[in-house]
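What follows is each chain in one-letter form.
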Amino acid sequence: MTPYASPILTSLLDTDAYKLHMQQAVYHRYRHIHVVAEFRCRGDELLGEYASEIREQIQIMSQLALTEDEFAYLSGLPFFTQDYLNWLKAFHYNPEHVTVSDRNGHLHVRIEGPWREVIMWEVPLLAVISEVVHHHRSPQITAQMAVDQLRKNLASFKEQAADIDLSAFRLMDFGTRRRFSGEVQEAIVSTLKNEFPYLVGTSNYDLAHKLQLTPVGTQAHEWFQAHQQISPVLANSQRAALQAWLDEYPDQLGIALTDCITMDAFLRDFGSNFANAYQGLRHDSGDPFEWGEKAIAHYQALGIDPMTKTLVFSDNLDLDKALHLYRHFHQRVNLVFGIGTRLTCNIPGVKPLNIVIKLVQCNGKPVAKLSDSPGKTICQDKAFVKALRKAFDLPLVKKAS
């Protein structure tokens, strides 16, 4: 194999916004928490042959640092405090936190260290893995080919939506983690900015900075997972995570992720105070129509007008699915559609990777994600999964994978 001759990542900001937003909260509240995260390839593909090249890119990542221009950019945003930005300015990726190996053809990646530092690895490392693999599997692909496919999809979308008012349709790029390449993502987002009037932002801070777009993102599963061990009482962990986020961001970044311990368990914890304080909810697993109906019914049961709240759909979306959801919900609640892989790795002949990096331990103890989609459940400790299900009054039927 001919490896890359240059770094895949060239900016510390080439990551999703929620990583920096969570990192600031961890820096302020949990800077001594120790975590372990591990890589999963849900497609069970044999990616171990790329381990050596991925390790080389990890070493190169240690050279990344916030530039003066990037520091000034972040300082001008309402989300960040000066003490955190001063710390981030001195931050470097520490390759010693990451081990990468080829285990009988399977790629094994483990990240261990202080949460405030480990939290930054997930998104850019997944982007590196994806780009390395596609570089070897599909060397003939160009960014223009990706843009050509996007334009076909946009034309189809326009035709399908000819009979409906799209004034409330809002699209966000969520495509960093499983993109074909950084070049393709930038080309796709640039094209959307110029040719698709419904684009309202990108989760990628580097692209938001370069293209003058709104950076978007709040928290990920790891925020809720870590609180399973931070909270003294397991059954209170989700409420503790929701409250800690509000304490850090009382009047902004108010979209809550709902599926770390299933939507039903989430809604039991999402009472009137939280429902009024948060701007809305994000869907990331399970049937989206069922989820949306549950969310709307929950707001209505609390006496909250759903039209004052926002639902963000972000699970395995493409433009067609987004349009179907928009038709169903748009007159009942505010909507945002975060599309990732189907934008930034949607090229004929290319199979996107179904890869994730998730927390598996916090302070030496197990944590779990009990998804609304069975194949997305993650935990190494079956006893802890059982305890978590019991604490949140969930049936003890699904097995962790």
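Bear in mind the structure is a predicted one, so any value in this text is a computation, not a measurement.

Chemist: Outline the UniProt feature "modified residue: Phosphohistidine" (unreviewed entry) in the protein, supporting the account with residue identities and numerical values.
Modeler: Residues given the UniProt feature "modified residue: Phosphohistidine" (unreviewed entry) here are His221. Here histidine 221 lies in helix α10 (residues 221-230). With relative accessibility at 2%, the residue histidine 221 sits in the buried group. Excluding anything up to four places from it in sequence, histidine 221 contacts Leu257, Asp259, Cys260, Asp284, Lys358 and Lys369.

Chemist: Residues and numbers for helix α14 (residues 288-301), please.
Modeler: The end-to-end C-alpha separation of α14 is 20 Å, in line with the 20 Å expected for 14 residues at 1.5 Å each. Regarding α14, the residues found buried are Trp291, Gly292, Ala295, Ile296, His298 and Tyr299. Buried residues in α14, looked at end-on, bunch into an arc of 160°, giving them a common side. Opposite the packed face of α14, turned more than 90 degrees from it, sit the exposed residues Gln300 and Ala301. Lining the buried residues of α14 we find α12 (263-269), α13 (272-277), β7 (280-283), β8 (310-313) and α15 (319-329). Capping the start of α14, aspartate 287 holds a side-chain oxygen 3.1 Å from the backbone nitrogen of phenylalanine 289, two or three residues further along.

Chemist: Could you give an account of the packing of aromatic side chains, with specific residues and numbers?
Modeler: Summed over the entire model, instances satisfying the criterion amount to 29 aromatic pairs. Ring centres 5.1 Å apart and planes at 55° place the aromatic pair phenylalanine 157 and phenylalanine 169 in the tilted group. Here phenylalanine 157 is found in helix α7 (residues 143-160), whereas its partner phenylalanine 169 is found in the loop between α7 and β4 (171-173), with 12 residues between them in sequence. With 6.2 Å between their ring centres and 20° between their planes, phenylalanine 289 and phenylalanine 329 make a pair best called stacked. Of this pair, phenylalanine 289 sits in helix α14 while phenylalanine 329 is found in helix α15, placing the two residues 40 residues apart along the sequence. Relative accessible area serves as the criterion here: at 30%, phenylalanine 289 is assigned to the partly exposed category. On the basis of relative accessible area, phenylalanine 329 is assigned to the buried category, the value being 0%. Each residue in the set Tyr27, Tyr73, Phe79, Phe80, Tyr84, Trp87, Phe91, Tyr93, Trp121 and Tyr205 is aromatic and connected to the rest through ring pairs, giving one cluster.

What counts as what
Residues numbered from 1 in each chain as written. Predicted model: local features only at pLDDT ≥ 70, side-chain atom pairs only at ≥ 80, totals over all residues. Heavy atoms only, no water. UniProt positions renumbered as here; feature names shortened; annotations may be inferred. Helix = DSSP H or I, 4+ residues; strand = E, 2+ residues; numbered from the N terminus. Buried < 20%, exposed > 50% of the residue type's maximum accessible area, 1.4 Å probe, protein only. Contact = heavy atoms within 4.5 Å. Expected span 1.5 Å × (residues − 1). Arc of directions from axis to C-beta. Polar contact = N/O pair within 3.5 Å; in protein donor to acceptor, adjacent residues only side chain to side chain. Phe/Tyr/Trp six-rings, centres within 6.5 Å; stacked < 30°, edge-to-face > 60°.

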